[in-house]
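# Structural description and commentary
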Amino acid sequence: MVTRIASRLDVHVHPFHSRDLDDVLAIEQESFSEPWTRGMFEAELLGNPFARFLGAFCHGEMPPAKRLLGYICYWVVFDELRLMNLAVRPDHRRQGIASHLVRHAVEEGIAHGTTRALLEVRAGNRLAQKLYQTLGFQQYGRRRAYYTNPNEDAILMQLQLAENLQP
Ligand SMILES: CC(C)(COP(=O)(O)OP(=O)(O)OC[C@H]1O[C@@H](n2cnc3c(N)ncnc32)[C@H](O)[C@@H]1OP(=O)(O)O)[C@@H](O)C(=O)NCCC(=O)NCCS
């Protein structure tokens, strides 16, 4: 599927694969204080039957033909959709790419029969919490000292999928 983001960028959302990992890792390392490693991504890509992966790609006319702008990793586990990882290239943030990726993941979760989407986010990551709130997620709990580097609580958020995403 192709969507025009912020009225000027055509973004194609489709699964990413092991061959995209160099690009994924570059964004991951710029985005997190404790980034997933190549081994962690490979374990998910190759060894986790519940795991799914979507990338937002910008397809240019000249080689290199496409560029990864962001990605989302999520699990479809019976009736639950669990958002595991989400990041957007720093120079392409605030253009709706993350929202677009979450919507795709939720649509896929609904298509596979999930009824609830869940995620954990650092208590200090207010931008991400705002993003999820704009999509309709609500806080339902807090897990003390869940994260390290820095030590931080996790905010637990959920979206009842029967209620649908906010437009
Ligand atoms: C959080 C992150 C994924 C958001 O990606 P994005 O593509 O910029 O998000 P969107 O453009 O879809 O933003 C959607 C909404 O989230 C909120 N938001 C996102 N970034 C924001 C910012 N810098 N300041 C204020 N609000 C922000 C806004 O409500 C925004 O809607 P608006 O632009 O219409 O006001 C991105 O900043 C990122 O990769 N951060 C580092 C990794 C991370 O924190 N991942 C989430 C882990 S749980």
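Before going into details, it helps to say that this report is about the structure given with it. (Residues numbered from 1 in each chain as written. Predicted model: local features only at pLDDT ≥ 70, side-chain atom pairs only at ≥ 80, totals over all residues.)

Note that soluble globular proteins tend to have their nonpolar side chains buried in a common cluster. Formed by 37 residues in total, the largest nonpolar core has its most connected members in Leu54, Tyr71, Ile72, Leu101 and Ala105. At the level of secondary structure, the elements contributing two or more residues to this core comprise β2 (9-14), α1 (21-31), β3 (51-59), β4 (66-77), β5 (80-88), α3 (97-111), β6 (116-122) and β8 (152-160). Ranked by the residues each element gives to this core, the list is headed by β4, at seven residues. For leucine 101, the contacting residues outside a window of four places in its chain are Val13, Leu54, Ala56, Gly70, Ile72 and Leu86. (Core = buried A, V, L, I, M, F, W, Y, C linked by C-beta atoms within 7 Å. Buried ≥ 20, exposed ≤ 12 C-beta atoms within 10 Å, placed from the backbone. Helix = DSSP H or I, 4+ residues; strand = E, 2+ residues; numbered from the N terminus. Contact = placed C-beta atoms within 7 Å.)

A few words now on the environment of asparagine 85. You can see asparagine 85 is positioned in strand β5. Between the C-alpha atom of asparagine 85 and that of tryptophan 75, which follows or precedes it by ten residues, the distance is 10.0 Å.

Taking 1.5 Å per residue as the helical rise, α3 with its 15 residues ought to reach 21 Å, and the 21 Å between its terminal C-alpha atoms agrees with that figure. Of the residues one or two after α3, glycine 113 is the one with positive phi, at around 90°. (Expected span 1.5 Å × (residues − 1).)

Neighbouring residues of the ligand: 19 residues in total, closest Ser31, Arg93, Ala98, Ser99 and Leu131. Where the shell around the ligand is concerned, the elements lending two or more residues are β5, α3 and α4 (126-134). The biggest single contributor to the shell around the ligand is α4, with five residues. (Near = placed C-beta within 6 Å.)

Here we take up the pairing of β8. Relative to β8, β6 is paired through seven bridges, and the arrangement is antiparallel. Bridged to arginine 122 within β8 is alanine 154. With six bridges joining them, strand β7 (residues 138-147) and β8 adopt antiparallel strand pairing. Bridge pairing in β8 places glutamine 138 opposite glutamine 158. With antiparallel pairing between neighbouring strands as the criterion, β7 and β8 make up a hairpin whose turn holds four residues, including asparagine 149 at a positive phi of roughly 50°. (Pairing = 2+ DSSP bridges.)

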